[in-house]
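What follows is each chain in one-letter form.
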Amino acid sequence: MRRQAKIFLILLLFMAAFGNICRAEIFATQPTDYELAENWAYREIYAVDKTVDVFFVCPTVFRGDETHRNMDLSDTETRRKFLGATNMEKGIYDKDAKFFAPYYRMAGFATLQLSPEVREKSLQLAYIDVRAAFLKYLHEYNQGRPFILAGFSQGSRHILKLLKEFGDRKDVKKFLVAAYCPGALLTREDLKKFPQLLPAKRADDTGVIICFNTESEDVTATPIVPANVKSISINPLTWRTNRAKADKNLNLGACFTNYDGEIKKEIPALTGAYIDKKRGTLKVTDVKPEDYPPHLENYPAGAYHIYDYQFFYRNLQENVARRLAAWQRHNINKN
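Peer 1: I'd like a description of the sheet that holds strand β3 (residues 97-102), backed by residues and values.
Peer 2: Strand order across the open sheet formed by 6 strands is β1-β3-β2-β4-β5-β6, with mixed pairing between neighbours. The open sheet terminates on both sides in strands that have one partner only, identified here as β1 (40-43) and β6 (208-210). Taking the axes of each pair of neighbouring strands and ignoring which way they run, one obtains an average angle of 20 degrees across the sheet. In terms of strand pairing, strand β2 (residues 52-57) meets β3 through 4 bridges, oriented parallel. Bridge assignment links Phe55 to a residue of β3, and that residue is Phe100.

Peer 1: Got a sec to walk through the nonpolar core? Specific residues and values, please.
Peer 2: By size, the foremost hydrophobic cluster in this structure holds 89 residues, and its most contacted members are Phe55, Tyr93, Phe134 and Tyr180. Considering each element in turn, this core owes the most residues, 9 residues, to helix α3 (residues 116-141). When sequence neighbours within four positions are dropped, the list of residues in contact with Phe134 reads Phe55, Phe147, Leu149, Leu162, Phe166 and Val172.

Peer 1: Explain the pattern of salt bridges to me, using residue names and the numbers behind them.
Peer 2: If charged atoms from side chains of opposite charge come close, those side chains can pair. Across all of its chains, the model carries 18 salt bridges by this definition. A salt bridge links Asp129 to Arg105; the nearest nitrogen and oxygen atoms lie 2.9 Å apart. One end of the pair, Asp129, is in helix α3; the other, Arg105, is in the loop between β3 and α3, with 24 residues separating them in the sequence. Taken individually, Asp129 and Arg105 each receive the classification buried, so the pair is uniform in this respect. Taking the shortest distance from any N to any O, the salt bridge between Glu140 and Lys136 comes out at 2.8 Å. Of this pair, Glu140 and Lys136 both sit in helix α3, 4 residues apart, which is roughly one turn of the helix. Judged by its relative accessible area of 37%, Glu140 falls in the partly exposed class. Judged by its relative accessible area of 15%, Lys136 is buried.

Peer 1: Tell me what's going on with the side chain of Asn331, and back it up with residues and numbers.
Peer 2: Looking at where Asn331 falls in the secondary structure, it is placed in helix α7 (residues 313-334). Separated by 2.7 Å, the side chain of Asn331 and the backbone oxygen of Trp327 make a polar contact.

Cut-offs applied
Residues numbered from 1 in each chain as written. Predicted model: local features only at pLDDT ≥ 70, side-chain atom pairs only at ≥ 80, totals over all residues. Heavy atoms only, no water. Pairing = 2+ DSSP bridges. Helix = DSSP H or I, 4+ residues; strand = E, 2+ residues; numbered from the N terminus. Axes fitted to C-alpha atoms, helices over the stretch in contact; angles between N-to-C directions. Core = buried A, V, L, I, M, F, W, Y, C linked by side-chain atoms within 4.5 Å. Buried < 20%, exposed > 50% of the residue type's maximum accessible area, 1.4 Å probe, protein only. Contact = heavy atoms within 4.5 Å. Salt bridge = Lys/Arg side-chain N within 4 Å of Asp/Glu carboxyl O. Polar contact = N/O pair within 3.5 Å; in protein donor to acceptor, adjacent residues only side chain to side chain.

Structure, rendered in structure tokens:
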């Protein structure tokens, strides 16, 4: 009887532990509550003099490790970095915009180096939050206004996933000005599988995706665009998808910003650029890899990933205004 009681107790403990694991797993996959203002880095719902909205998804700022794979939203230091990284790009978009940027449980840098299964699980948890925040924005805050989707790196990846899931919705198709996704991989296979993904082909088309990955001329592989993978890009100096080389004089200004969003250094005509025939990436000229190191693990010299926005800051800023004007002209004439 004692042995039976002992076995029964062990079974109860096992079941309790299993139940806790299951509950933890369920809790981990529940989205963050975006009714709460504290879960938004920016939620500018009261700005009345703006003509467009921007929904922005922050790039990776959380290091993490094998046991801490996703950002904890109560981590004040990571929240500070999150807000800072958002501010670095905010000035490109927010001149005439209400700005929305959710805090989300982003996948950490360390997680991205783990097995594909672990990495995808971590990225999926991050996307659960981004998805919930976007739906909250769309249903409660948009109110029939034109909007821009924007991100960088991991953030751009989540923006593309939003378009794969929601790009066919009438309210998205009608009000989307453009989706700016520097630092993400977009391929022809994606376009075949998700025909609602429309890559930009000129400076003023709307409802389209702006995508490019910046690298030096001798780079043949990066973690974002591996060897033997061809990406889809547009040249932010010409707003064309051909392979013509754009002179550096077309570069309106590279801007290097701090965590407050202040431009600490601006260099007009820093670099030219062209789209590589084989890789589809954006090859930049006139700068040296040693002057702009990658600062990221497993990125080779000449992988200018962290400079995607900074090298073309003024060109992107000007293009945001141009695409918004094009959207407004089209919709005014349509009505």
